[in-house]
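Secondary and tertiary structure notes
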Amino acid sequence: MTYDNSPTTYAASLPLAPGDWELDPLHSAVNFTIRHLGIAKVRGRFADVKAELYVGETADDVKVSAEIALASIDTGNPDRDAHTRSAELLDVEKRPTMAFRSTRVSGDGEDWSMEGDLTIGDVTRPVTLAVEFGGVVDSPVDRRKHAGFEAAGEIRRSDFGLDFGTGFLGDVVKVQLDMQFVEPQGQGG
């Protein structure tokens, strides 16, 4: 499907006011799954997430950036989390953050794709996320528009030099992001 980047088509496809949308951290989450011993999944999340969404006049102008504190990993098991943070595994002293910067956003309606660069430690690799636009609603609490997005993709640990635990942990990490952003101040009515 081709996509017309004209402002009219863009506004009809993604009705977001131009400007810097702020993350609603209480209604956003970064989750992941990874195989353990090749037979079961371990699920977890990162609690410390910062993200920015800039909306311009066209899809070409949309920019997304995010930074995640790797020390905020939570798999529901404090001992496993402490071990994962250690120098033996993630080494959060050496790799404190994971950062994403979009390079291209494309799509229409509810289905979008976001390409970008993911950096973990000193390694940067391209990633693509499938993005579902959940819509926009007026919040009765703050009387501002809230936009919801779900994004999913996969990364390979080995691409980032995180090849510890071979045989115990799978190489593929599936990520799922549920993000809610709030319209720029002064846009609501």
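Every value quoted in this text rests on a predicted model; they were computed, and no experiment measured them. (Residues numbered from 1 in each chain as written. Predicted model: local features only at pLDDT ≥ 70, side-chain atom pairs only at ≥ 80, totals over all residues. Heavy atoms only, no water.)

Further remarks concern the side chain of Arg157. Mapping Arg157 onto the fold places it in the loop between strand E10 (145-156) and strand E11 (169-182). Within the buried set, Arg157 has no salt-bridge partner at all; the shortest N-O distance to an opposite charge, 4.7 Å, is to Asp171. Within the local environment of Arg157, its side chain forms a polar contact with the backbone oxygen of Gly170, the two atoms lying 2.8 Å apart. (Helix = DSSP H or I, 4+ residues; strand = E, 2+ residues; numbered from the N terminus. Buried < 20%, exposed > 50% of the residue type's maximum accessible area, 1.4 Å probe, protein only. Lys, Arg positive; Asp, Glu negative; His and termini not counted. Salt bridge = Lys/Arg side-chain N within 4 Å of Asp/Glu carboxyl O. Polar contact = N/O pair within 3.5 Å; in protein donor to acceptor, adjacent residues only side chain to side chain.)

Bringing the environment of Phe181 into the picture now. Mapped onto the elements of the fold, Phe181 is located in strand E11. Residue Phe181 is classed as buried on the basis of its relative accessible area of 5%. Spatially, the C-alpha atoms of Phe181 and His146 are 5.6 Å apart, while their sequence positions differ by 35 residues. The residues touching Phe181, leaving out its near neighbours within four places in the chain, are Trp21, Glu22, Leu23, Asp24, Ala51, Glu52, Leu53, Lys145, His146, Ala147 and Phe149. (Contact = heavy atoms within 4.5 Å.)

With the rule as written, the count across this model stands at three aromatic pairs. Look at Phe133 and Phe149: their rings are 5.3 Å apart centre to centre, the planes differ by 40 degrees, and that puts the pair in the tilted class. Here Phe149 lies in strand E10 and Phe133 lies in strand E9 (residues 123-138), a separation of 16 residues in the sequence. Take Phe133: its relative accessible area is 7%, and that puts it in the buried class. Between Phe149 and Phe181, the aromatic rings sit 6.2 Å apart at their centres with planes inclined by 70 degrees, giving edge-to-face as the arrangement. A residue pair is termed long-range when its members are at least 10 positions apart, and Phe149 in strand E10 and Phe181 in strand E11 qualify at 32 residues. (Phe/Tyr/Trp six-rings, centres within 6.5 Å; stacked < 30°, edge-to-face > 60°.)

Attention now moves to a positive patch on the surface. A surface patch of like charges, here positive, comprises Arg35, Lys41, Arg43 and Lys174. Topologically, Arg35 is positioned in strand E2 (residues 29-36). (Patch = residues over 30% accessible without salt bridge, like charges linked within 9 Å, V, L, I, M, F, W, Y side chains within 5 Å. Areas by Shrake-Rupley, 256 points an atom, 1.4 Å probe, with all protein chains shown as cover. Charge placed at Lys NZ, Arg CZ, Asp CG, Glu CD.)

Examined against the element boundaries, Asp91 turns out to sit in the loop between helix H2 (78-85) and strand E7 (97-108). Nearest to the buried, unbridged Asp91 among oppositely charged side chains is Arg95, at 4.9 Å. Beyond its immediate chain neighbours, meaning those up to four positions away, Asp91 contacts Thr84, Arg85 and Ser86.

Taken as a whole, the chain shows an average pLDDT of 85; of its residues, 90% reach a score of 70 or greater. pLDDT under 50 marks residues 1-12. Its contacts with residues more than four places away, or in other chains, come to 20 contacts. (pLDDT = per-residue confidence, 0-100.)

As a further point, take the environment of Leu162. Relative to the helices and strands, Leu162 is located in the loop between E10 and E11. On the accessibility criterion, Leu162 (6% relative accessible area) is buried. Here the alpha-carbon distance between Leu162 and Leu89, two residues 73 residues apart in the chain, equals 7.5 Å. Apart from residues no more than four positions distant in its own chain, Leu162 is found in contact with Leu90, Arg95, Ile120 and Arg157.

Counting 46 residues, the largest nonpolar core has Phe46 and Leu53 as its most contacted members. Broken down by element, the residue count for this core peaks at five residues, all from E9. Sequence-distant contacts of Phe46, defined by excluding residues within four places in its chain, comprise Val30, Phe32, Ile68, Ala69, Leu70, Ser72, Ile73 and Met98. (Core = buried A, V, L, I, M, F, W, Y, C linked by side-chain atoms within 4.5 Å.)

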